[in-house]
Amino acid sequence: MIPITLTVNGEKVTRHVEPRRHLIDFLRLDLGLTGSHAGCEHGVCGACTLRVNGKIMRGCLILAASLDGADVVTIEGISESGEVADLQAAFVARNAAQCGFCTPGMVMTAAELLAEGGSPTRGEIREYLSGNYCRCTGYQAIVDAVEDTLRSRSAAP
Amino acid sequence: MNEITPASIGLSREDLPNSYIGRSVPRPNVPKLVQGRATYTDDVTLPRMLHAAFLRSPHAHARISTIDTARAKAVPGVVRVFTGHDLAKICDPWVATLDHLKGMKSAPQYPLPLNRATWQGEPIVAVIAETRAAAEDGVAALDVEFEALPAQTDMETALAPGAVVIHPELGDNLVFTRTAESGDVAAAFAAAHKIVEARFVTGRHTGVTLEARSIIADYNPADETLTVYHSTQAPHMMQGVFAKQLRMKEGDVRVICKDVGGSFGIKVHVYPDEVAVAAVARIMGRPVKFVADRFESFVSDIHARDHRIKGRLAVDAEGRVLAFDIDDLTGIGPYSVYPRTSAIEGNQVVNLCGGPYDFMNYRCTTTVVLQNKTPTCQYRAVGHPIATAVTEGLMDLAAEALDMDPVELRRRNLIRDDAYPYTSPPGMRFEGLSHHASLNKLLEMVPLDRIRADQAEARQRGVYRGIGFASFIELTNPSPFMYGIGGARISAQDGCTVRMDPDGSIVASSGVTEQGQGTEAILAQIVAHGVGVPVNRVKIITGDTQTTPYGGGTWACRGAGIGGEAALQSAIALKQQILEVAGAMLQAAPETLDITMGEITDKASGKPRMTLFELGRIVYFRGDTLPKDLQRELVQTRHFITKEYPFAFTNGIQASWVEVDAATGMVKLLEHWCVEDCGRVVNPMLVDEQVRGGIVQGIGGALYEYCIYDAEGNLLTTTLADYLVPMSAEMPEINVGHVETPTRESLLGAKGAGEAGTAGAPAAIMNAINDALRPLNARVHEQPFTPERILRALGTIA
Amino acid sequence: MKWPAMGYDRAGSLDQLWSTFRAHGSSAQIIAGGQTLLAALAFRLSEPSKLIDITGIPELRGISVQGQALRLGALTLHADLCRDPLVKAHAPLLAAAAPLIAHPAIRNRGTIGGSLAYADPAAELPACIIALDATVITVSAKGERRIPASAFFTDLLQTALEPQEIIAAVEIPLTKRLGAIEEIARRSGDYAMAGLAATLHLEAGRVIKPRLVYFGVGKIPVLAAAAAKALEGRSLDRATISAAQAALAEDLDPPQDLHGPPEMKRHLARVLTERVLQGFLREKVQAA
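What comes next is a walk through the structure. (Residues numbered from 1 in each chain as written. Chains lettered and ligands numbered in written order. Predicted model: local features only at pLDDT ≥ 70, side-chain atom pairs only at ≥ 80, totals over all residues.)

## Notes on the overall build of chain A
Along chain A, the regular secondary structure elements total six helices and five strands. Ordered by position in the sequence, the α and β elements of chain A form the string β-β-α-β-β-β-α-α-α-α-α. Whereas a compact globule of 157 residues would reach a radius of gyration of roughly 15 Å, chain A reaches 16 Å, a difference of no more than 12%. Across its three principal axes, chain A shows a C-alpha extent of roughly 50 × 35 × 20 Å. (Helix = DSSP H or I, 4+ residues; strand = E, 2+ residues; numbered from the N terminus. Rg over C-alpha atoms; globule rule 2.2 N^0.38 Å.)

In structure tokens, the structure reads:
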């Protein structure tokens, strides 16, 4: 068991973890944060996307044991902080989620695109989201929601 | 055209703020989804819960020689190990046949096989451990000896002499065959001006729900009840299945279905590993969780669409369709899947080919055979994309042979909009469709002149673009004629209970389920509309056999059409009951009153008379002040089943605009259009993205998704890196339009909308690719249309 | 798909790494970004006794110009390659290649060292460093070695790394040249069905020192010698391009894969040759 102390959604957490524990199981099983989803556990589907030290990553391709000192933000944290309240409202308004299993990862990925600033085209939004699999929507409502949020942010003073 | 207004369906005035039917109301479920606050089955943890993992057959066909569990049992964390024989003591096998599919046969299937593995990936041994990781370690430590047997993988040789008969007791590998024939096909072909023919292949693919199949079974030996948390589309059906197979009473089994991470037909079947988990829980008396990992999903979720179809079409000199002659062959794996059976897909091909067109002579045969591959069964738009690809592929070939515009050929043959009721050659009865209105609407949306000019200009530059069309019909709102008459305990009816609580809140519980399509949202809209309250005052309960009226669940596009109508009828009944009570309290005739935004109003003037809060206070806490004989049950239940037509058919048409890179065989999707007629549209925003999602799933089958096997029956595409699902970067902008022809079977008039996109997209894309390739004299009819296949068609590679 | 039971250690310095290696022998496996390794562990393709995390070793970090070379520490992220100004200035080919690798969340954790060490024949970076005539700097307890990129990849998923030797950095010579990468992938971010990373000089319209490296078409990235010979010293025109395409028959012996037969890969390689060289031709015309 490896001792780790890290920050998860702003709270300091100390645990002992098995090296075989990936970050998603650590969050879900050890911390009860079930908003991050294990969709494929081999790094392809994007359902487990979350933020580590300020950048999005695949939670299923990270050893929890390697995160001593890290700063982890999950969908629960980014929701509570209000950072993407506008994006989430746009998802609701545009019906950009159906079953919702991909949605936390999709929101985390879109949040990074928003944080990078600039004014990406719809094609560039699609490209940025291209590592996040959604089986339900046609992706269009998701692109709409991200585009709406970009527009309203750039219009804001 | 049918106007969609509340007044037109006999409800309150359409200008009322609670007139929700037809409005794009946001789904109340979405905030929890975007904040990671949903509860999927894997999010549930129960005290003393154990975890299951399965050893799966490494062979397509093998005798199980010995199973030595000693090393596995010694693995830290492993609690018990179960073989097929262990579970068979308390769990009965099932046979998936339907009586109305004449001559259909299949073999008994156990949760874990007793002696023989019949597909690579079949669960053989269950390891139960304290964690999933320990269970997997236990699986790795199992010593199971298999004696590999010859495998029957090719469906084309499944009935030939020398084929491996997968279940010797059945005599051969034939599961089912049916021929529908009407008119005089031979004479029609003899008299034809042009005959076109082609061999079509639809690639075996699968559902890839992002949330894998998930189940927790918990047996309490003290009260002898089984509680199952299950990611399923049909909780009541599964309640019956668990009760029957485990020899229990239905009342002792409760199925709870929390949030479901996608289903698409994948989660409406009985899977041996899931029944095994229930059996293990029954034996151990503790909760057991099983969540399929992605490897397991690819080899054990049902596959679909593994068909080879030979089709011929005869037309006269004016381009009128004279006859279709179609031969369909499909391999379904080693077992027909319970309880819907794996013969329905082929049967649908027989029912649906030629569906949009008015013609007389028809012959179509389906042959359904066994093979040693993952079982196939019903997946979104069952059979439709196959029938549509064959029909519309042949129509485009005919247009080319006649040198006629493909739109014009369709216009000449589509069933007239005033021709209904209409019975198709294979016997499908259509209540009312709108093929011509839909085509006209599509042509308003598609800038065809600009596209044709662009296409011509691009060809000059060696850039090959094409547009393809596909008309389709879609079967929705199935009656008992789909499964019930065949003996399956699959409910075609559904119920809804609506009640008013003391503060005027409305709670509705429904037998249909929510898997993301927005079932709960539209039920809330319908109930709010029906009762007369703001939509945010309505709470919807689904997915619990103990608290919802018995129903079939959500599949075959029945949520809105069946569940929605039950909700509407029960809401109207509750409103009536509320007005009776209000009338007594206000000394007014109930028919002079209405309910608007949660207030009792005077119908004529709109003047508020009393709040529902006040009415609730009197009824629940001061019932003594009401007339003694006044009925005051503020709860109403109604069940609904269609009665006139076996199915509520819908229709539509799609267009796809593509660019084919003739050098690489890559297809770029430029834009896509769909007009569909699902009857009454309850929430346009939800329907639009449902249609888009369906189209993208159709695009998946057409261009990307493919379960590739080697000759020995080993699945090669077992990761998301090898099995290609459609992703956002490659998907086109999709434009959706509607024509509305409500069904008269119900007050609501809704038909299904979830499968239209998938039904038509592959055919539209195929025709677009072939339109693009026409100057190069190349054609493709074999899905998926991969770069390899396109390069072969071009003669670039041999 | 849970990872197998294993140990985990962090190495904070190279010395710590060597001592951990000594303690655990050959079944210990180093991990950097882990974006390939951990997926492979999920499939239980290998079961190392211990993972040694090297992301805390400072010597493996950093992007700098040292003498006549751009030095990229092994822990340089794909995301760094996308945006680092030194990379843009001195190795624009890598800046062009990095966005083709998987997706943002992978690029934020995957490293150049990991990509080179894993040596997937369809990966972009191995082909790029050969095209750039780079040198792989390796380090072990015995000291440093400098291995030409073209000699680094030895067989399918195999490299010239000795046991308990790791990649420290990649050095790219600061040479002005034209470079381009093009690939044909089914979907954005997928491994390519076939790809080409190429560099060359154009002097008075003539091709000098062309390096055409094909990926996804063999066991290792293929530096096409015959095609280069067909180009060397010639004027970059249609005839020369055709000659290079024809010469590829000698250079390539692609395997069958899920996307198609060897013949298709050969064809796609010819298409890529045409497209990349035409791209240079366009630049040449514009320059003129």
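## Some thoughts on the overall build of chain C
The number of helices and strands found in chain C is twelve helices and 14 strands. By the compact-globule yardstick of 19 Å for 288 residues, chain C fits well, its C-alpha radius of gyration being 19 Å. Buried positions account for 53% of the 288 residues belonging to chain C. Across chain C, contacts joining residues at least 24 apart in sequence account for 62% of those joining residues at least 6 apart. (Buried ≥ 20, exposed ≤ 12 C-beta atoms within 10 Å, placed from the backbone. Contact = placed C-beta atoms within 7 Å.)

## Side note on the sheet that holds strand β10 (residues 214-220) of chain B
Residues and elements named next belong to chain B. Sheet architecture is open: seven strands sit in the order β3-β5-β1-β13-β10-β11-β12, paired in mixed fashion. The open sheet is flanked by β3 (78-82) and β12 (253-256), the only strands paired with a single partner. Ignoring strand direction, the axes of neighbouring strands in this sheet form an average angle of 25°. Strand contacts of helix α6 (residues 235-245): β11 (225-230) and β12, with the helix running at about 145° to β12, the strand carrying the most contacts. (Pairing = 2+ DSSP bridges. Axes fitted to C-alpha atoms, helices over the stretch in contact; angles between N-to-C directions.)

## Regarding the environment of V507 of chain B
Residue and element names in this part refer to chain B. Mapped onto the elements, V507 comes out in strand β22 (residues 506-510). Taking C-alpha positions, V507 is 52 Å from D449, a pair spaced 58 residues apart along the chain. When sequence neighbours within four positions are dropped, the list of residues in contact with V507 reads R499, D501, K539 and I541.

## Notes on the interface of chain B and chain C
Every contact between the two is made by 25 residues of chain B and, on the other side, 17 residues of chain C. At the level of elements, α4 (132-140), α8 (294-300) and α19 (787-793) of chain B are the ones that each hand at least two residues to the side of chain B that touches chain C. Residues belonging to the side of chain B that touches chain C are distributed by class as follows: 14 nonpolar, three polar and eight charged. (Nonpolar A, V, L, I, M, F, W, Y, C, P; charged D, E, K, R; others polar.)

## Notes on the interface of chain B and chain A
The interface of chain B with chain A comprises 43 residues on the first partner and 42 residues on the second. The set of elements that each furnish at least two residues to the side of chain B that touches chain A consists of α1 (30-34), α17 (684-704) and β30 (733-738) of chain B. Of the residues forming the side of chain B that touches chain A, the biggest block, seven residues, is contributed by α17 of chain B. Here the residues of the side of chain B that touches chain A sort into 22 nonpolar, eleven polar and ten charged.

## Some thoughts on the nonpolar core
If you look at the biggest cluster of nonpolar residues, it comprises 411 residues, and the most contacted ones within it are V127, V280 and V527 of chain B together with C128, A197, V213 and Y214 of chain C. Of the residues forming this core, the biggest block, twelve residues, is contributed by helix α15 (residues 559-586) of chain B. Apart from the residues within four sequence positions on either side, V527 of chain B is in contact with V498, I506, A508, V538, A567 and A571 of chain B. (Core = buried A, V, L, I, M, F, W, Y, C linked by C-beta atoms within 7 Å.)

## A closer look at unusual backbone geometry
For the peptide bond that leads from Y338 of chain B to P339 of chain B, omega is -15°, which places it in the cis range. Between Y420 of chain B and P421 of chain B the backbone carries a cis peptide bond, its omega angle lying at 0°. Relative to the helices and strands, P421 of chain B is located in the loop between α11 (406-413) and β18 (422-423). Although it is not a glycine, N9 of chain A sits at a positive phi angle of roughly 50°. Following the sequence through the fold, N9 of chain A ends up in the loop between β1 (2-8) and β2 (11-17). Since 20 C-beta atoms lie within 10 Å of it, N9 of chain A is described here as buried. Of note in the backbone geometry, N53 of chain A takes a positive phi value of approximately 50° without being a glycine. Structurally, N53 of chain A can be placed in the loop between β3 (49-52) and β4 (55-58). By the C-beta count within 10 Å, which is 15 here, N53 of chain A ends up partly exposed.

## Some thoughts on the packing of helix α4 (residues 103-115) of chain A against helix α6 (residues 140-155) of chain A
Residue and element names in this part refer to chain A. For the pair α4 and α6, the least separation of the axes is 11 Å and the interaxial angle reads 35°. The two elements α4 and α6 cross, and the hand of that crossing is right-handed. Here M106, A110, L113 and L114 of α4 lie close against α6, whose contacting residues are I142, V146, T149, L150 and R153. Residue composition of the contact of α4 with α6, grouped by class: seven nonpolar, one polar and one charged. (Left-handed = near helix turned anticlockwise from the far one by under 90°.)

## Brief notes about the packing of helix α10 (residues 384-402) of chain B against α11 of chain B
All names here are of chain B. Contact geometry of α10 with α11 gives a least axis separation of 9 Å together with a crossing angle of 110°. Judged by the angle between their axes, α10 and α11 are roughly perpendicular. Between α10 and α11 lies a crossing whose hand is right-handed. Along its contact with α10, which presents M395, D396, A398, A399 and L402, the element α11 presents P406, L409 and R410. Here the contact of α10 with α11 is composed, by residue class, of six nonpolar, no polar and two charged. (Parallel < 35°, antiparallel > 145°, perpendicular 65-115°, else oblique.)

## Observations concerning the pairing of strand β25 (residues 599-602) of chain B
Residues and elements named next belong to chain B. Judged from the four bridges that link them, strand β24 (residues 593-596) and β25 form a sheet pairing that is antiparallel. When the sheet's bridge partners are listed, D594 is paired in β25 with T601. Connecting β24 to the antiparallel partner β25 that follows it, the hairpin turn spans two residues, and M597 within it adopts a positive phi of roughly 45°. With three bridges joining them, β25 and strand β26 (residues 608-611) adopt antiparallel strand pairing. Following the sheet pairing, I600 is matched in β26 by M610.

## Considerations on the sheet that holds strand β6 (residues 143-148) of chain B
Residue and element names in this part refer to chain B. Pairing in this open sheet of three strands is antiparallel, and the strands run β4-β2-β6 from one edge to the other. With partners counted over all chains shown, the strands left at the sheet margins are β4 (116-117) and β6, one partner each. As defined by bridge partners, strand β2 (residues 62-68) adjoins β6 across six bridges and the pair is classed as antiparallel. Considered in β6, the bridge of R63 is made with E147.

## Some remarks on the environment of N413 of chain B
Structurally, the position occupied by N413 of chain B is in helix α11. Residues N413 of chain B and E145 of chain B, 268 residues apart in the sequence, show an inter-C-alpha distance of 60 Å.

Purely geometric stuff here, so don't read any function into it on its own.
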